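This is what each chain is made of:
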Amino acid sequence: MVTLCIYYGEKEWDGPLSLVDMLDIPDKLKFIFSDYKFNLIQMRSCKDLHFHNSDINTVFDLSSSIYNRDYEKINSLYKNQPISPELALVVGAITESQELIDYALENEKKGAINMCTALEELKKEGVQEGLQEGEVKGIIQTCKLFNPDQEAALKLIMDKFSLSQETALDYIKKYW
């Protein structure tokens, strides 16, 4: 029997690699246990693995590159090689990128997705979100200095940034 574990976490695997390592077995009983080892494949560091199925290679390669923040590699390898929305969904699920999942779903009907374009758009969205959060933080801190009325600050940031009350309240709690 061969046990294979595919680990797709962002951090290095730090768990056990055998049954005996998983259990707290007293030394006097260890001799009766068969120690089943398993083979570990870490997606983030599996550069030497090559599969017969090109889609699996793409998923492993893209996921590993995203984990390692090797965007130059992604750009050089996938700039002119579109991938299917299904593969983008899998990569988004593995790397826990809701933005990539949303992008794949939005572009599902278009067919193939250019991964570099997708990552560039996600990067731009992230920059915009960061800028907005910085503006909101500045407004909240200014309101706190000159008019310590949280309700007024809440209304101001809801109106200025078209935020829901819940989102605006989260900002108030975070920066007030």
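Everything numeric here is computed off the predicted structure, so don't read it as measured data. (Residues numbered from 1 in each chain as written. Predicted model: local features only at pLDDT ≥ 70, side-chain atom pairs only at ≥ 80, totals over all residues. Heavy atoms only, no water.)

A.B. asks: Before we go on, may I ask you to explain the side chain of Ser64 in this structure?
C.D. replies: By secondary structure assignment, the location of Ser64 is in helix α2 (residues 54–67). Beyond its immediate chain neighbours, meaning those up to four positions away, Ser64 contacts Met43, Arg44 and Ser45. (Helix = DSSP H or I, 4+ residues; strand = E, 2+ residues; numbered from the N terminus. Contact = heavy atoms within 4.5 Å.)

A.B. asks: When you look at the pattern of salt bridges in this model, what are you seeing that I'm missing?
C.D. replies: A side chain with one charge may pair with a side chain of the opposite charge, provided their charged atoms come close. Following the criterion strictly, the structure yields six salt bridges and no others. With a closest N to O distance of 2.6 Å, Glu12 and Arg44 form a salt bridge. Of the two residues, Glu12 sits in the loop between β1 (4–7) and α1 (19–22) while Arg44 sits in the loop between β2 (39–42) and α2, which places them 32 residues apart along the sequence. Residue classification places Glu12 among the partly exposed residues on the basis of a relative accessible area of 44%. With a shortest N-O distance of 2.6 Å, Lys73 and Asp61 are connected by a salt bridge. Of this pair, Lys73 sits in helix α3 (residues 71–78) while Asp61 sits in helix α2, placing them 12 residues apart in sequence. (Salt bridge = Lys/Arg side-chain N within 4 Å of Asp/Glu carboxyl O. Buried < 20%, exposed > 50% of the residue type's maximum accessible area, 1.4 Å probe, protein only.)

A.B. asks: Is there a simple way to explain the nonpolar core in this structure?
C.D. replies: Where a protein is soluble and globular, its nonpolar side chains tend to be buried together. Counting residues in hydrophobic clusters, the biggest one holds 21 residues, and the most contacted among them are Leu62, Ile74, Ile83, Val91 and Met115. Among the elements of the structure, α2, α3, α4 (85–94), α5 (98–106) and α6 (115–146) are those that each provide at least two residues to this core. Aside from chain neighbours lying at most four places away, what touches Ile83 is Thr58, Leu62, Tyr78, Ala88, Gly111, Ala112, Ile113 and Met115. With 13 residues, the next largest nonpolar core counts Val136, Ile140, Leu154 and Phe161 among its residues. (Core = buried A, V, L, I, M, F, W, Y, C linked by side-chain atoms within 4.5 Å.)

A.B. asks: I'm lost on α4 in this one. Help?
C.D. replies: Residues spaced three or four apart along an α-helix point in a common direction, a consequence of the helix completing one turn every 3.6 residues. Taken together, the buried positions of α4 are Pro85, Leu87, Ala88, Val91, Gly92 and Ile94. Taken from the residues just after α4, Glu96 is the one with a positive phi, measuring 55°.

A.B. asks: Would you take a moment to explain a nonpolar patch on the surface for this structure?
C.D. replies: On the surface, a nonpolar cluster with roughly 630 Å² of combined accessible area is contributed by Met22, Leu23, Leu29, Phe31, Ile32 and Phe33. Relative to the elements of secondary structure, Phe33 occurs in the loop between α1 and β2. Given a relative accessible area of 36%, Phe33 falls into the partly exposed group. (Patch = residues over 30% accessible without salt bridge, like charges linked within 9 Å, V, L, I, M, F, W, Y side chains within 5 Å. Areas by Shrake-Rupley, 256 points an atom, 1.4 Å probe, with all protein chains shown as cover.)

A.B. asks: I tried to follow a negative patch on the surface on my own but got confused; where do I start?
C.D. replies: Taken together, the side chains of Glu99, Asp102, Glu106 and Glu129 make up a negatively charged region of the molecular surface. With three residues, the top contributor of residues to the negative patch is α5. Structurally, Glu99 is set in helix α5. Among the residues examined, Glu99 registers a relative accessible area of 40% and is labelled partly exposed. (Lys, Arg positive; Asp, Glu negative; His and termini not counted. Charge placed at Lys NZ, Arg CZ, Asp CG, Glu CD.)

A.B. asks: Help me understand helix α7 (residues 150–161) in this model?
C.D. replies: With 12 residues, α7 should cover 16 Å at 1.5 Å per step; its first-to-last C-alpha distance of 16 Å lies within 8% of that length. What α7 keeps buried is the set Ala153, Leu154, Ile157 and Phe161. Angular distribution of buried residues about the axis of α7 spans 100°; they occupy a single face of the element. Away from its buried face, by an angle of more than 90 degrees, α7 presents the exposed residues Glu151, Lys155 and Asp159. Two or three places before Glu151, at the start of α7, stands the capping residue Asp149, its side-chain oxygen 3.2 Å from that residue's backbone nitrogen. Phi turns positive, to about 50°, at Ser162, one or two residues after α7. (Expected span 1.5 Å × (residues − 1). Arc of directions from axis to C-beta. Polar contact = N/O pair within 3.5 Å; in protein donor to acceptor, adjacent residues only side chain to side chain.)

A.B. asks: Whenever I open this one, the packing of aromatic side chains confuses me. Can you help?
C.D. replies: Within a pair of aromatic rings, the relevant descriptors are the distance that separates the centres and the angle that separates the planes. Taken as a whole and judged by the stated rule, the model has four aromatic pairs. Look at Tyr7 and Trp13: their rings are 5.1 Å apart centre to centre, the planes differ by 75°, and that puts the pair in the edge-to-face class. Taking the centre distance of 4.8 Å and the plane angle of 45° together, the rings of Phe51 and Phe60 count as tilted. With relative accessibility at 10%, the residue Phe60 sits in the buried group. Linked through ring pairs, Tyr7, Trp13 and Phe38 together constitute an aromatic cluster. (Phe/Tyr/Trp six-rings, centres within 6.5 Å; stacked < 30°, edge-to-face > 60°.)

Keep in mind that these numbers describe shape and distance, not what the molecule does.
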